[in-house]
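The lines below spell out each chain.
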Amino acid sequence: MNKKRLEALLADKPVRALLGLLNEDGAETRIVGGAVRNTLLGAPVADIDLATALPPTDAAARLRAAGYKVIPTGIAHGTITVVLDGRSFEVTTLREDVETDGRHATVRFGRDFAGDARRRDFTVNAMSLTLDGHLHDYCGGLADLAARRIRFIGDARQRIREDYLRILRLFRFHAQYGAGRLDPEGYAAAIAERDGLRRLSRERIRQEMLKLLVAPGAVATVTALTEAGLADAVIGGVDWRGRFAQLVALAPEADAMLRLATLALAIREDVARLTDRLRLTRAEQGRLTRLAELAERFHDRAVPGEDEAKALIYRAGAQAVRDAALLLAAQGRATLEQAAALSQRWSPPPPPFAGRDLAALGIGTGPRMGLILKSAEERWLAAGLPEDGERRMAILREAAAAAHGRAE
């Protein structure tokens, strides 16, 4: 146990202020969960959550009386959010599950920290820290953390049946914090209960999956997940785990969307499936579509020359070219590597022509104007995107003349 790290966590002024206030009049409040786990690991702490023996309404009243902003984010389940010095802290009343349905729980508030710890998912998430620096570990989380082992508290299948999202959390936490093989009991329970994944919202599946894909142990964990037969429930199709492993080796900085594409995207039609399965945003859907189109187009093509590469970057965008280059490289194809390198040092100019340019040539508005502008842009791209103004106007005149000839 690293006491200096815990002392640094407790030295945080807003945390000390909240703990001091909530501990008045014999109540007890502790730091719990991820903040304790990550502090012990020396990993970044994104959020600091507190557990308190105070009922949620009492905790909220005490904090408001002290002048803090309180938001009743999940007060029915005992959780309020406190805003202090521009930061948000979740404060949750100790509780026990009365009834669970595989995703949600009916809870009863209490004052038992040990009981509250035992209702959590993994041992490494069940430790708590008091204001005086005492670490409480009711479930063996400290030993599991030292062994980099993600282990369910109590019976693994029972924990999963309480909340089927814990299947994906097992893999995600192992990818983030674990080492070696997954805990055998947890892995076997995840396989046995995998049908429960179909009861989860796709938004929650998305959240866990995208976090898993960028975790340090993503490659081995994705392999374990697919070998367990869980990939179909998550991505709904064939996985390309070898290509995924190669991408991570080539580009460790690759983000979740590119990793997802490398794992689950073969053709453009796959974008619709992933959009439905993981509730992708329009921007994400557009990015994967451009990537898929380029990867298909250049899968068996020769390396494009500089002029073609510039036209490619102009049309598809630098990110799409770099994405496709990496996906193809993960397949052992270097087709777009030069184009991707060019996109790092060259930025495409804005569209070369506008309606006012045609107006200067005496061509009025209407459908014909749009056709001429499109033709002129294609000619400009074929000519290597010349920047010279006279050369551009010559291209525009050629396009206008060609359109006039066709009209006649």
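Before reading on, note that the structure itself is shown above.
Notes on the structure follow. (Residues numbered from 1 in each chain as written. Predicted model: local features only at pLDDT ≥ 70, side-chain atom pairs only at ≥ 80, totals over all residues. Heavy atoms only, no water.)

Let's shift gears to the pattern of salt bridges. Taken as a whole, this structure holds 28 salt bridges when the rule is applied. Residue arginine 287 pairs with aspartate 255 through a salt bridge whose shortest N-O separation is 2.8 Å. Taken as a pair, arginine 287 in helix H16 (residues 282-297) and aspartate 255 in the loop between helix H13 (241-250) and helix H14 (256-264) lie far apart in primary sequence, 32 residues in all. The buried category is assigned to arginine 287, whose relative accessible area is 11%. (Salt bridge = Lys/Arg side-chain N within 4 Å of Asp/Glu carboxyl O. Helix = DSSP H or I, 4+ residues; strand = E, 2+ residues; numbered from the N terminus. Buried < 20%, exposed > 50% of the residue type's maximum accessible area, 1.4 Å probe, protein only.)

With that out of the way, let us pick up the side chain of threonine 93. Relative to the elements of secondary structure, threonine 93 occurs in strand E5 (residues 87-93). Overall, threonine 93 belongs to the buried group, its relative accessible area being 1%. In terms of polar contacts, threonine 93 uses its side chain to reach the backbone carbonyl oxygen of leucine 54, at 2.7 Å. If we ignore the near neighbours within four places in the chain, the residues touching threonine 93 are Thr52, Leu54, Pro55, Pro56, Gly78, Phe109, Gly110 and Asp116. (Polar contact = N/O pair within 3.5 Å; in protein donor to acceptor, adjacent residues only side chain to side chain. Contact = heavy atoms within 4.5 Å.)

The next thing to look at is the pairing of strand E4 (residues 79-84). The buried fraction of E4 amounts to five of the six residues, a majority that puts the element mostly inside the structure. Two strands pair when backbone bridges link them, and strand E3 (residues 69-74) and E4 are joined in this way by four bridges, in the antiparallel orientation. Across the sheet, residue valine 70 finds its bridge partner in E4, namely valine 82. Hairpin connection, E3 to E4: the antiparallel pair is bridged by four residues, and glycine 78 has positive phi, about 95 degrees. Bridge count for E4 against E5 is six bridges, and the pairing is antiparallel. Bridging across to E5, isoleucine 80 finds its partner in valine 91. Taking the residues that link successive antiparallel strands as the turn, the E4-E5 hairpin has two residues, and the phi of aspartate 85 there is positive, at about 55 degrees. (Pairing = 2+ DSSP bridges.)

Our next topic: the nonpolar core. By size, the foremost hydrophobic cluster in this structure holds 122 residues, and its most contacted members are Ile31, Phe171, Leu260 and Leu288. For this core, the element with the highest residue contribution is helix H8 (residues 165-177), accounting for eight residues. Once you skip the residues sitting within four places of it in the chain, leucine 288 turns out to touch Met257, Ala261, Leu265, Val271, Leu274 and Leu280. (Core = buried A, V, L, I, M, F, W, Y, C linked by side-chain atoms within 4.5 Å.)

This brings us to the packing of helix H10 (residues 202-213) against helix H15 (residues 269-278). Pairs of packed helices are described in terms of their axes, by the angle between the two and the distance that separates them. Orientation of H10 relative to H15, taken along the N-to-C sense of each, is 105 degrees, at an axis distance of 7 Å. Classified by the angle between their axes, H10 and H15 sit roughly perpendicular to one another. Mapping the contact onto sequence places Arg202, Ile205 and Arg206 in H10 and Asp276, Arg277 and Leu278 in H15. Split by residue class, the contact of H10 with H15 holds two nonpolar, no polar and four charged. (Axes fitted to C-alpha atoms, helices over the stretch in contact; angles between N-to-C directions. Parallel < 35°, antiparallel > 145°, perpendicular 65-115°, else oblique. Nonpolar A, V, L, I, M, F, W, Y, C, P; charged D, E, K, R; others polar.)

Glancing now at unusual backbone geometry. Backbone geometry places aspartate 85, a non-glycine residue, at a positive phi of 55 degrees. Assignment of secondary structure puts aspartate 85 in the loop between E4 and E5. The exposure class assigned to aspartate 85 is exposed, which follows from its relative accessible area of 64%.

Okay, the packing of aromatic side chains next. One pass over the structure, following the stated rule, counts five aromatic pairs. Relative to tyrosine 177, the ring of phenylalanine 173 lies with its centre 5.9 Å away and its plane at 40 degrees, an arrangement referred to as tilted. Separated by four residues within a single helix, phenylalanine 173 and tyrosine 177 lie in helix H8, roughly one turn from each other. By the burial criterion, phenylalanine 173 is buried, and tyrosine 177 matches it. Each member of the aromatic cluster is reached from another via a ring pair, and the members are Phe122, Phe152, Phe173 and Tyr177. A cation sits over an aromatic face here: arginine 30 above phenylalanine 113, 3.8 Å from the ring centre. (Phe/Tyr/Trp six-rings, centres within 6.5 Å; stacked < 30°, edge-to-face > 60°. Lys NZ or Arg CZ within 6 Å of the ring centre and 35° of its normal.)

Looking now at the environment of arginine 161. Relative to the elements of secondary structure, arginine 161 occurs in helix H7 (residues 156-162). A relative accessible area of 38% places arginine 161 in the partly exposed class. The spacing of arginine 161 and alanine 215 is 54 residues in sequence and 25 Å in space, taken between C-alpha atoms.

Function cannot be read off these values alone, since they describe shape.
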